[in-house]
Amino acid sequence: MAEVESFQLDHTKVLAPYVRLIDVERGPKGDAISNFDVRFVQPNANAIGMAALHTIEHSMASLIRDRIDGMIDFSPFGCQTGFHMIMWDEPTAEEVAKAIKGSLEELASDGFTWDNVPGVAEKECGNYRNHSLFGAKEWAKKILAEEISSDAFERKIV
Ligand SMILES: [Zn+2]
């Protein structure tokens, strides 16, 4: 069996919310791709409901790209506690955490409405009925209130 770094992490030792660099991979021409663990809630203590998680995913796809260059993907963990964020090059966890924080602030703001959530029509999404902007905003507020760390094991608030 291949060893997968994400499963080597001791999920009982981390302190969410946080951003953690999982690893950097290099292509044959030296291009770097960085994989981040963006953990919004404490593992095995809480989990984001699927509809809210889905709307966070869609919203963050554009909100993060407004704030940092080089994002390839932002996809939810099956455990519903956060997201994988795949980036070109080697941004720091602090840079990523600041972009996430700013994105959640906009998501939580009154000015952010359904008109700002991309891809929620039937032809744009594989389960367009399963969205909750209310839930996404409530989770964004909770994550921001708990503050985002650029370290998984000690609190380094950005
Ligand atoms: Zn979707």
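Keep in mind that this is a model prediction, so the values were computed, not measured. (Residues numbered from 1 in each chain as written. Predicted model: local features only at pLDDT ≥ 70, side-chain atom pairs only at ≥ 80, totals over all residues. Heavy atoms only, no water.)

**Concerning the UniProt feature "binding site: Fe cation" (unreviewed entry) in the protein chain**
Under the convention used in this document: UniProt positions are given in the numbering used here, feature names are shortened, and annotations may be inferred rather than shown by experiment. Segments assigned H or I by DSSP are reported as helices when at least four residues long, segments assigned E as strands when at least two residues long, and all are numbered from the N terminus. In this description, contact between two residues means that some pair of their heavy atoms is separated by no more than 4.5 Å.
UniProt tags H54, H58 and C125 as "binding site: Fe cation" (unreviewed entry). The named residues occupy 72 residues along the chain; their greatest pairwise C-alpha distance, 10.1 Å, places them in one compact cluster. Here H58 is to be found in helix α2 (residues 50–63). In contact with H58, not counting residues within four places along its chain, are V117, P118, G119, V120, C125 and H131.

**What about helix α4 (residues 133–146)?**
Definition in use: By definition here, a helix of n residues has an expected span of 1.5 Å times n minus one. Within 3.5 Å is the distance limit for a polar contact, defined as a pair of N or O atoms, with the added protein rule that one can donate a hydrogen and the other accept it, and that residues adjacent in sequence qualify only through two side-chain atoms.
Here α4 spans 20 Å end to end across 14 residues, near enough to the 20 Å set by a 1.5 Å rise per residue. Looking at the buried positions of α4, the neighbouring elements they touch are α2 and α3 (93–108). The N-cap residue of α4 is S132: its side-chain oxygen and the backbone nitrogen of G135 are 2.8 Å apart. Two residues or fewer past α4, E147 is found with a positive phi of approximately 70°.

**What about the coordination of the zinc ion?**
Formally: Here a donor is any nitrogen, oxygen or sulfur atom (N, O, S) within 2.8 Å of the metal, with 3.2 Å used for Na, K and Ca; water is not among the atoms considered, so some sites may look incomplete.
At the metal site, the zinc ion is ligated by H54 (NE2), H58 (NE2) and C125 (SG), and these contacts range over 2.1 to 2.3 Å. Each donor residue of the zinc ion belongs to the same chain, with the gaps between them written as H-x3-H-x66-C. Here H54 and its partner H58 are both found in helix α2, four residues apart, which amounts to about one turn of the helix.

**Things to note about the sheet that holds strand β3 (residues 71–76)**
For clarity, the threshold we go by: A pair of strands counts as paired when DSSP detects no fewer than two bridges linking them. Note on geometry: axes are lines fitted to C-alpha atoms, helical ones only across the stretch in contact, with angles between N-to-C directions running from 0 to 180 degrees.
With respect to topology, four strands assemble into an open sheet ordered β1-β2-β4-β3, the strand pairing being antiparallel. If you trace the sheet from one side to the other, it starts and ends with β1 (18–26) and β3, each paired once. Along the sheet, successive strands turn relative to each other by an average axial angle of 20°, direction set aside. For β3 and strand β4 (residues 82–88), the ladder comprises five bridges, and the chain directions are antiparallel. Each bridged residue has a counterpart across the sheet, and for S75 the counterpart in β4 is H84.

**Describing the pairing of β1**
Pairing between β1 and strand β2 (residues 32–39): eight bridges, direction antiparallel. When the sheet's bridge partners are listed, V19 is paired in β2 with V38. The antiparallel pairing of β1 with β2 creates a hairpin that spans five residues between the two strands, and G30 there sits at a positive phi of about 90°.

**Some details on the nonpolar core**
Inclusion rule: Among buried residues, the Ala, Val, Leu, Ile, Met, Phe, Trp, Tyr and Cys ones that are joined through side-chain atoms within 4.5 Å form a nonpolar core. Three exposure classes are used, based on accessible area relative to the maximum for each residue type with a 1.4 Å probe and protein chains only: buried under 20%, partly exposed in between, and exposed over 50%.
Core analysis: the biggest nonpolar cluster contains 35 residues, and F40, F74, M85 and I100 have the highest contact counts within it. Of all the elements in the fold, those that place two or more residues in this core are β2, α2, β3, β4, α3 and α4. The greatest single-element share of this core, amounting to eight residues, is contributed by α3. Sequence-distant contacts of F74, that is, excluding residues within four places in its chain, are made with V38, F40, E57, M60, I64, F83, H84, M85 and I100. Listed in part, the five residues of the second largest apolar core include L9, V14, A16 and Y18.

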